[in-house]
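A look at the structure
One-letter residues, chain by chain:
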Amino acid sequence: MKIAIIGATGMAGRSIYREAAGRGHEVTAFVRDLNKAEALLGPGHFIKKSLYQIGAANLRGYDVVINAFASHTHPIENFDALSYLLRIGRKIDSRFIFILGAASLKREDGQLLYDSLSKLANNEAWIDEPKFGVDALYVLQHDAQNVNWTAISPQQEFVDGPASDYMTGRDELIYAEDGKSHVTTGNIATAILNEIEEPRFIGERFTVADK
C-alpha cells in the first residue's frame, strides 16, 4: 500500500514509519527537516512540507494517511491539525488514521481519565493537552462526515519501546500484568499496521495496551 505519514520524526511517527517500511509498504514521510528525517529514519522517501503546506493534491493517491503530528508545548495545534486534515479528507478517498491521547478513555469507575486529571491541583501547565484530545475525539465522532477515518489512543503511559504482546480495546483504560496502564510505541505501530492491513475499526476509535 501507499502510506503517507505526517509527523514521522516524532516518538510515535518513527516507530510507525519503520514498521510500515519493514512490512514492504511504499511509505512517504512529510517532514519539516530533511536532515533530521534522514538522521532518525535512514534513507527513505521524504517530502519537505510543514503540515499546513500539505494540500489535498499532495495526499491524493495514498491508500492511507497517518497523522502522528503532536505538539506538547502548544497542544491546541494538535486539535487544529486534526481539523485541517479532516477538511482535506473530505476531498480525497484516502483513509486517515489519527493518533489521539488517552484522556478520552474511561477508568474502571466509568469516568473519563480527563475527569480525574482535571481535578488535580496545579494542572494549569499541562491540562490543555488532554482536554484537546477529548475534543478531537468528539469532532471525529460527530463532524467527520465523508471522511474514512480511524483513531487510536495509547494508554495513560505512552513510552518509546519495542513491540511485544499487546491487547486492544475500545474506550477503556487497560491495565497490564503489572497493574499499570501503559503501551510502547512499538505496540502502537504494530497495531496501526495490523489495522491498515486488516481493517476492523472503520469510523471508530480503538486503544492498545501492553500485556
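Residues numbered from 1 in each chain as written. Predicted model: local features only at pLDDT ≥ 70, side-chain atom pairs only at ≥ 80, totals over all residues. Heavy atoms only, no water.

1. Side note on the packing of helix α4 (residues 76-89) against helix α6 (residues 128-142)
Packed helix pairs are specified by the crossing angle of their axes together with the interaxial distance, meaning the distance between the axes. As a reminder of what qualifies: Here, axes are lines fitted to C-alpha atoms. For helices the fit covers the stretch in contact, and angles between N-to-C directions go from 0 to 180 degrees. Think of it this way: any DSSP run of H or I at least four residues long counts as a helix, any run of E at least two long counts as a strand, and we number them from the N terminus. Small angles under 35 degrees read as roughly parallel and large ones over 145 as roughly antiparallel, with 65 to 115 read as roughly perpendicular and the rest as oblique. Should the near helix be turned anticlockwise from the far one by less than a right angle, the crossing is termed left-handed; should it be turned clockwise, right-handed. By definition, residues are in contact when any of their heavy atoms lie within 4.5 Å.
At a minimum axis distance of 9 Å, the contact between α4 and α6 shows a crossing angle of 15°. Looking at the two axes, α4 sits roughly parallel to α6. The interaxial crossing formed by α4 with α6 has right-handed handedness. Judged by residue contacts, I76, F79, L82 and L86 of α4 engage F132, D135, A136, V139 and L140 from α6.

2. Points about the sheet that holds strand β8 (residues 166-169)
The line we're drawing: A pair of strands is considered paired only if DSSP assigns at least 2 bridges between the two.
Here we have 8 strands laid out as an open sheet, ordered β3-β2-β1-β4-β5-β6-β10-β8, and mixed in their pairing. The two strands at the open ends of the sheet, each matched to only one other strand, are β3 (45-48) and β8. Taken over all neighbouring pairs, the strand axes of this sheet differ in orientation by 25° on average, direction set aside. Both strand β2 (residues 26-31) and β3 contribute to a ladder of 4 bridges, which runs parallel. Opposite V31, over in β3, you have K48 as the bridge partner. Sitting on the sheet, helix α7 (residues 185-197) is in contact with β1 (2-6), β4 (64-67), β5 (95-99), β6 (148-153), β8 and β10 (205-210), with an inclination near 140° to β10.

3. Observations regarding unusual backbone geometry
What counts here: Only protein chains enter the accessibility calculation, which uses a 1.4 Å probe; a residue is then buried when its area is under 20% of its type maximum, exposed when over 50%, and partly exposed in between.
If you check the backbone angles, N122 has positive phi at about 60° while not being a glycine. With phi around 65°, N146 is a residue other than glycine that occupies positive phi space. In this fold, N146 is placed in the loop between α6 and β6. Residue N146 is classed as exposed on the basis of its relative accessible area, which comes to 67%.

4. Concerning the side chain of S71
In plain terms, the rule: A 3.5 Å cut-off defines polar contacts: any pair of N or O atoms within that distance qualifies, except that in protein one atom must be a possible hydrogen donor and the other a possible acceptor, and neighbouring residues in sequence count only when both atoms are side-chain atoms.
Its location among the elements puts S71 in the loop between β4 and α4. A distance of 3.1 Å separates a polar side-chain atom of S71 from the backbone nitrogen of H74. For S71, the residues in contact, after removing those within four places along its chain, are E77, N78 and E129.

Purely geometric stuff here, so don't read any function into it on its own.
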